[in-house]
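# Commentary on secondary and tertiary structure
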Amino acid sequence: MIDKQSLHGEWSSRFAFILAATGSAVGLGNIWKFPYIAGENGGSAFVMVYVVCVVLMGIPIMMAETMLGRRAKQNPVATMQTLTKEAGADTRWQYLAWMGMVAGFLILSYYSVIAGWASAYTLKAVMGDFFGSDAQKTSVMFAEFISSPIRLIFWHSFFMLATMIIVSKGIRNGLERAVQMLMPVLFVMMFLLVGYAMTTSGYSQGLHFLFSPDFSKITGKVVLTAIGQAFFSLGLGMGTMMIYGAYLPKNVSIAKSTIIVASADTIVALLAGIAIFPIVFANGLQPDSGPGLVFETLPIAFGNMTGGWLFGVLFFIMLVVAALTSSIALIEPAVAWLIESKEMTRDQACVRAGLVAWVLGFVTVLSFNRWADVHFFGQTLFELIDALTANIMLPAGGFAIAIFAGWMMKQPHTEQELALPTMQYKIWKVLISYVAPAGVFLIFLHVVGVL
Ligand code: TRP
């Protein structure tokens, strides 16, 4: 039989849960994705909407998702089955968990490709390739790098293998310790890069681009992208927080922990923006140049600052590790489900799940070179997978979680799990029952053109 014991083992402390959840939240989404989609969506307009989404929808839904997991203490599918029974709700609520697992595979498939880029750039940093870089050099370097499918597949395979090895060891062994070291170092690196950005001629322009309010640029697309990014960056809507919640001891405050995680996640994303946009403007790069943005800007910083070789190496190692602590979070729900329901060992489950995501990843690899001209609805296949998951599946998952927690579960049960003072519970209840679902719903209507 399977090792159910270890699956339902618990985080060793509240701190361990916060670290693991922060590890899931902080990743490529903050450092790679946030800057480039902020750049594509008008900078400050996007940043404002993003922060509002994190507070009004992200945090309440993060609390709800964690709460569902902790109440049932199983994989997301079984969790939803148990909770629908307890609440006397329709059993079809479990499709929420199924959709989440599919979203997890789709996200991981491209996540691993991009994390592969970061791995390759770690090697470039070690080789001193960034020395004396300017915008011209880094742009050519990046374009040349993504042009080879074989090279991208190599690094994608490298990263996926690393993910599988860690997940096969179980979430707690090694992971807890790795994240413990990573987070402080990553913070220091971000501040260091901000320090460099302050010395460039683009600093005030960068800050202006990110923070001076410009309501005229807020469009339906900007809002939807910001909601999608909030879910993506916090790691919500697909079961990660459910499974991490399932490992959470009963006496830990869900509200406090999730607020800490969401704050850390938002701070890292903002720091990444503050580090990157001054370099963009100082070097005449385009803020909306897309997924290559980080790879075209930061090497300029490392190539020109004192100690740049060391910091460059450290930074890209951090980025890869931050990506690893997220990729394991993306696949853990499916792995837990395979172990519990299909009676597989953890190793078997890892190999199966990893292979699926690995093969799917080829689509992303090719969409940056051979299939770069293949467009559906004006988007490359990578952009489509990204939009489908971040802008549709995650918000839909979050919407369902909000409705389930706010309307289906019995109030005494949610009160008991959250254990909040009355006033704070009421605020959560209003946000989760009305504000969060209405926000997501209105945006969807807008996008399909009803509004
Ligand atoms: N939040 C992670 C990142 O930035 C990615 C991630 C981990 C994720 N778990 C998730 C995204 C669950 C969506 C859903 O980079």
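Just so it is clear, the structure is predicted and the values come from calculations on it, not from any experiment.

Definitions and cut-offs
Residues numbered from 1 in each chain as written. Predicted model: local features only at pLDDT ≥ 70, side-chain atom pairs only at ≥ 80, totals over all residues. Heavy atoms only, no water. Helix = DSSP H or I, 4+ residues; strand = E, 2+ residues; numbered from the N terminus. Rg over C-alpha atoms; globule rule 2.2 N^0.38 Å. Contact = heavy atoms within 4.5 Å. Near = heavy atom within 4 Å. Areas by Shrake-Rupley, 256 points an atom, 1.4 Å probe, with all protein chains shown as cover. Nonpolar A, V, L, I, M, F, W, Y, C, P; charged D, E, K, R; others polar. Core = buried A, V, L, I, M, F, W, Y, C linked by side-chain atoms within 4.5 Å. Buried < 20%, exposed > 50% of the residue type's maximum accessible area, 1.4 Å probe, protein only. Axes fitted to C-alpha atoms, helices over the stretch in contact; angles between N-to-C directions. Parallel < 35°, antiparallel > 145°, perpendicular 65-115°, else oblique. Left-handed = near helix turned anticlockwise from the far one by under 90°. Salt bridge = Lys/Arg side-chain N within 4 Å of Asp/Glu carboxyl O. Phe/Tyr/Trp six-rings, centres within 6.5 Å; stacked < 30°, edge-to-face > 60°. Lys NZ or Arg CZ within 6 Å of the ring centre and 35° of its normal. Expected span 1.5 Å × (residues − 1). pLDDT = per-residue confidence, 0-100. Polar contact = N/O pair within 3.5 Å; in protein donor to acceptor, adjacent residues only side chain to side chain.

## Some words on the overall build of the protein chain
A count of helical and extended segments in the protein chain gives 19 helices and zero strands. Here the C-alpha radius of gyration of the protein chain, 21 Å, is about what a compact globule of 451 residues would show, namely 22 Å. On the principal axes, the C-alpha backbone points of the protein chain span a range of 65 × 50 × 40 Å. Intrachain contacts of the protein chain at a sequence separation of at least 6 include 82% that bridge at least 24 residues.

## Brief notes about the site of the ligand
Around the ligand, 17 residues are found, and the nearest of them are Ser24, Gly29, Tyr111, Phe232 and Ser233. Burial of the ligand by the protein chains amounts to 100% of its free accessible area of 350 Å². Within the shell around the ligand, the residues separate by chemical class into nine nonpolar, eight polar and no charged.

## Topic: the nonpolar core
Counting 169 residues, the largest nonpolar core has Trp32, Trp117, Phe295 and Phe315 as its most contacted members. If you tally residues by element for this core, the top one is helix H15 (residues 308-341), at 19 residues. In this structure, tryptophan 117 is in contact with Trp32, Phe142, Phe145, Ile146, Leu152, Pro291, Phe295 and Phe368, ignoring residues within four places of it in sequence.

## So, the environment of methionine 63
In this fold, methionine 63 is placed in helix H4 (residues 44-72). Sequence spacing of methionine 63 and methionine 393 is 330 residues, and the spatial spacing of their C-alpha atoms is 19 Å. Among residues more than four places away in sequence, those in contact with methionine 63 are Ile254, Ala255, Thr258, Leu418, Leu420 and Trp428.

## As for the packing of helix H8 (residues 149-168) against helix H16 (residues 346-367)
Orientation of H8 relative to H16, taken along the N-to-C sense of each, is 155°, at an axis distance of 9 Å. Comparing the axis directions of H8 and H16 gives the class roughly antiparallel. Note that H8 runs across H16; the crossing there is right-handed. In this structure, H8 uses Pro149, Leu152, Ile153, His156, Ser157, Met160, Met164, Val167 and Ser168 to contact H16, whose residues at the interface are Arg346, Asp347, Cys350, Gly354, Ala357, Trp358, Gly361, Phe362, Val365 and Leu366.

## A closer look at the pattern of salt bridges
Counted by the stated rule, this structure contains ten salt bridges. Aspartate 214 serves as the salt-bridge partner of lysine 217, at 3.3 Å between the closest nitrogen and oxygen. A salt bridge links glutamate 417 to lysine 250, with the shortest nitrogen-to-oxygen separation between them at 3.2 Å. Placement of the pair is glutamate 417 in helix H18 (residues 411-418) and lysine 250 in the loop between helix H12 (240-246) and helix H13 (254-282), with a sequence separation of 167 residues. Through salt bridges with shared partners, a single network forms among Arg70, Arg71, Glu86, Lys250 and Glu417.

## Thoughts on the packing of H13 against helix H14 (residues 293-304)
Orientation of H13 relative to H14, taken along the N-to-C sense of each, is 80°, at an axis distance of 9 Å. It follows from the interaxial angle that H13 and H14 lie roughly perpendicular. Taken together, the residues of H14 that come into contact with H13 (itself represented by Ile276, Phe277, Ile279 and Val280) are Leu293, Val294, Thr297, Leu298, Ile300 and Ala301. Taken together, the residues of the contact of H13 with H14 break down into nine nonpolar, one polar and no charged.

## A look at the packing of aromatic side chains
Considering all chains together, one arrives at 35 aromatic pairs under this definition. Sitting above the plane of the phenylalanine 232 ring, lysine 33 keeps its charged end 4.0 Å from the centroid. Across from the ring centre of tyrosine 121, 5.6 Å away, lies the NZ or CZ of lysine 124, which sits over that ring.

## Some remarks on H16
Between its first and last C-alpha, H16 extends 32 Å over 22 residues, near the 32 Å set by a 1.5 Å rise per residue. The complete set of buried residues in H16 reads Arg346, Ala349, Cys350, Ala353, Gly354, Ala357, Gly361, Thr364, Val365, Leu366 and Ser367.

## Concerning the environment of phenylalanine 316
Looking at the secondary structure, you find phenylalanine 316 in helix H15. The class for phenylalanine 316 is buried, based on a relative accessible area of 0%. Through-space distance from the C-alpha of phenylalanine 316 to that of glycine 23 is 16 Å; in sequence the pair is 293 residues apart. Once residues lying within four places of it in the same chain are set aside, the contact partners of phenylalanine 316 are Ala118, Tyr121, Thr122, Ala125, Phe130, Phe295 and Phe302.

## Details of the confidence of the model for the protein chain
For the protein chain, per-residue confidence averages 92 on the pLDDT scale, and 96% of positions sit at 70 or higher. Confidence over residues 1-6 falls short of pLDDT 50; this stretch has seven contacts with residues more than four positions distant or in other chains.

## Side note on the side chain of threonine 66
Inspection of the secondary structure assignment puts threonine 66 in helix H4. At 2.7 Å, the side chain of threonine 66 and the backbone oxygen of methionine 62 are in polar contact.

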